[in-house]
Amino acid sequence: MKDIIIAIDGYSSSGKSTMARQLAAAIGYAYIDSGAMYRAVTLHAMRQGMISPDGTLDTQALTRALPHIAIDFRVPQGETASHTYLNDTDVEQEIRTMAVSAHVSPVAAVPDVRHALTEMMRRYGLRRRIVMDGRDIGTTVFPDAEMKIFVDASPQERARRRHAELIAKGNTDTSYEEVLQNIRQRDHIDRTRSESPLRQAPDAIILNNDNLTPDAQAAWLLEKYRQIADA
Ligand code: CDP
């Protein structure tokens with residue numbers, strides 16, 4: 001089997017993270033959640049008052065702060081999954097809140113932010129053997145990835161899944177409509193930004209998982225991996 005890079009791109013809440021995590025565990029690869037990196041930068045900007053109450057982002061202040069933002073992934077003691085760390089603090093819970101979701105796409109549209117994080121991501125891929133999920137992994141971060149998947153699902157199905165996820169985590173304040181609106185808004189910003197927009201790589205394999213169970217999806221991915229890494 002060849003050591004390869006697996007890029008999983010697609011829309012918000014399409015189940016990318018779950019499938020990327022499962023595949024990485026099944027084949028002994030590292031899983032890197034690029035969205036978590038954008039979320040961590042957003043949390044930093046929020047904590048430092050770089051985002052005003054009306055949502056305006058102080059882009060210059062954020063650009064100046066970038067060299068002082070360290071992001072990494074570690075498995076905390078007693079846990080099995082890796083958590084996102086921002087400047088040595090575990091922020092895994094905080095970065096998944098709706099407050100961060102509301103501000104992340106404008107932050108991710110800032111070219112300097114994208115350049116800094118893209119560089120960080122490429123360092124993870126130096127020895128290949130990674131599964132990375134995001135919006136531009138197969139197009140910009142690793143255009144030479146051996147396996148590229150583009151995941152699609154309807155906005156309604158994605159909102160249903162994300163809403164159920166929030167409820168399961170005890171967040172009962174957010175309605176399905178709010179989640180759907182946030183998803184539509186982020187889809188729009190991610191697709192239309194000038195720097196590295198969300199688009200499908202020409203050589204990506206498309207997976208529409210509207211009607212696929214998680215198990216069926218995992219089996220499909222593993223089969224694709226074997227075909228590509230064995231070739
Ligand atoms: O999990 P969910 O699909 O809600 O989003 P995520 O993967 O955590 O990413 C959060 C946000 O970061 C996205 O809505 C994008 O705006 C941005 N992002 C990006 O621009 N490029 C990436 N490679 C990953 C995320």
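The coordinates are above.
Small disclaimer: the values here were computed from a predicted structure and weren't measured. (Residues numbered from 1 in each chain as written. Predicted model: local features only at pLDDT ≥ 70, side-chain atom pairs only at ≥ 80, totals over all residues. Heavy atoms only, no water.)

*Asks:* Describe the overall build of the protein chain, and please don't skip the residues or the numbers.
*Replies:* Broken down by element type, the protein chain carries 9 helices and 8 strands. On C-alpha atoms alone, the protein chain measures out to a radius of gyration of 17 Å, which is about the 17 Å that the 2.2 N^0.38 rule sets for 231 residues. If one aligns the C-alpha atoms of the protein chain with their principal axes, the spans along those axes are about 50 × 40 × 35 Å. For the protein chain, with 231 residues in total, the buried portion stands at 49%. Partitioning the contacts of the protein chain with sequence separation of at least 6, the portion at a separation of at least 24 is 72%. Summed over its atoms, the accessible surface of the protein chain is roughly 11200 Å², and 50% of this surface lies on carbon and sulfur atoms. In the protein chain, 28 side chains carry a positive charge and 31 a negative one; their mean positions are 3 Å apart. (Helix = DSSP H or I, 4+ residues; strand = E, 2+ residues; numbered from the N terminus. Rg over C-alpha atoms; globule rule 2.2 N^0.38 Å. Buried < 20%, exposed > 50% of the residue type's maximum accessible area, 1.4 Å probe, protein only. Contact = heavy atoms within 4.5 Å. Areas by Shrake-Rupley, 256 points an atom, 1.4 Å probe, with all protein chains shown as cover. Lys, Arg positive; Asp, Glu negative; His and termini not counted. Charge placed at Lys NZ, Arg CZ, Asp CG, Glu CD.)

*Asks:* Run through the packing of helix H2 (residues 34-47) against helix H5 (residues 111-124), naming residues and quoting values.
*Replies:* Their axes nearest at 11 Å, the elements H2 and H5 cross at an angle of 140°. By the angle between their directions, the pair H2 and H5 is classed as oblique. Relative to H5, the crossing made by H2 is right-handed. Residues Ser34, Met37, Tyr38 and Val41 of H2 lie in contact with H5, whose contacting residues are Val113, Arg114, Leu117, Thr118, Met120, Met121 and Tyr124. (Axes fitted to C-alpha atoms, helices over the stretch in contact; angles between N-to-C directions. Parallel < 35°, antiparallel > 145°, perpendicular 65-115°, else oblique. Left-handed = near helix turned anticlockwise from the far one by under 90°.)

*Asks:* So what's going on with unusual backbone geometry? Residues and values would help.
*Replies:* Unlike most non-glycine residues, asparagine 87 shows phi in positive territory, near 45°. With respect to the helices, strands and loops of the structure, asparagine 87 is situated in the loop between strand S4 (83-86) and strand S5 (89-90). Unlike most non-glycine residues, arginine 129 shows phi in positive territory, near 55°. Assignment of secondary structure puts arginine 129 in the loop between H5 and strand S6 (130-134).

*Asks:* Which residues make up empty space enclosed by the protein, and what are the values?
*Replies:* Inspection of every chain in the model, using the stated rule, returns 2 cavities of 30 Å³ or more. The space that makes up the largest cavity amounts to roughly 40 Å³. What lines the largest cavity is Ala7, Asp9, Gly138, Thr139, Lys148, Ile149, Phe150, Arg199, Gln200, Ala201 and Ala204. Sorting the residues of the lining of the largest cavity by element identifies strand S1 (5-10), helix H6 (137-141) and strand S7 (147-152) as the ones contributing at least two each. Class assignment for the residues of the lining of the largest cavity results in 5 nonpolar, 3 polar and 3 charged. (1 Å grid on protein atoms, 1.4 Å probe; cavity = no way out; pocket = protein on both sides within 12 Å on 5 of 7 lines; lining within 4 Å. Points joined across faces, edges and corners; volume = space filled by probe spheres on them. Nonpolar A, V, L, I, M, F, W, Y, C, P; charged D, E, K, R; others polar.)

*Asks:* Let's hear about the packing of aromatic side chains: which residues, and what values?
*Replies:* Between two aromatic rings, the relevant description is the distance of the centres plus the angle of the planes. For the structure shown, the criterion picks out 3 aromatic pairs. Aromatic pair tyrosine 11 and phenylalanine 150: ring centres 6.0 Å apart, planes at 80°, arrangement edge-to-face. Linking tyrosine 11 in the loop between S1 and helix H1 (16-27) with phenylalanine 150 in strand S7, this pair joins segments that are 139 residues apart in sequence. Side by side, tyrosine 11 and phenylalanine 150 carry an identical accessibility label, which is buried. Judged by centre distance (6.2 Å) and plane angle (55°), the rings of phenylalanine 73 and tyrosine 124 are tilted. Residue phenylalanine 73 is found in strand S3 (residues 71-74), and its partner tyrosine 124 is found in helix H5; the two are separated by 51 residues along the sequence. The partly exposed category is assigned to tyrosine 124, whose relative accessible area is 28%. The ring of tyrosine 85 has arginine 74 lying over it, and the distance from NZ or CZ to the ring centre is 4.4 Å. (Phe/Tyr/Trp six-rings, centres within 6.5 Å; stacked < 30°, edge-to-face > 60°. Lys NZ or Arg CZ within 6 Å of the ring centre and 35° of its normal.)

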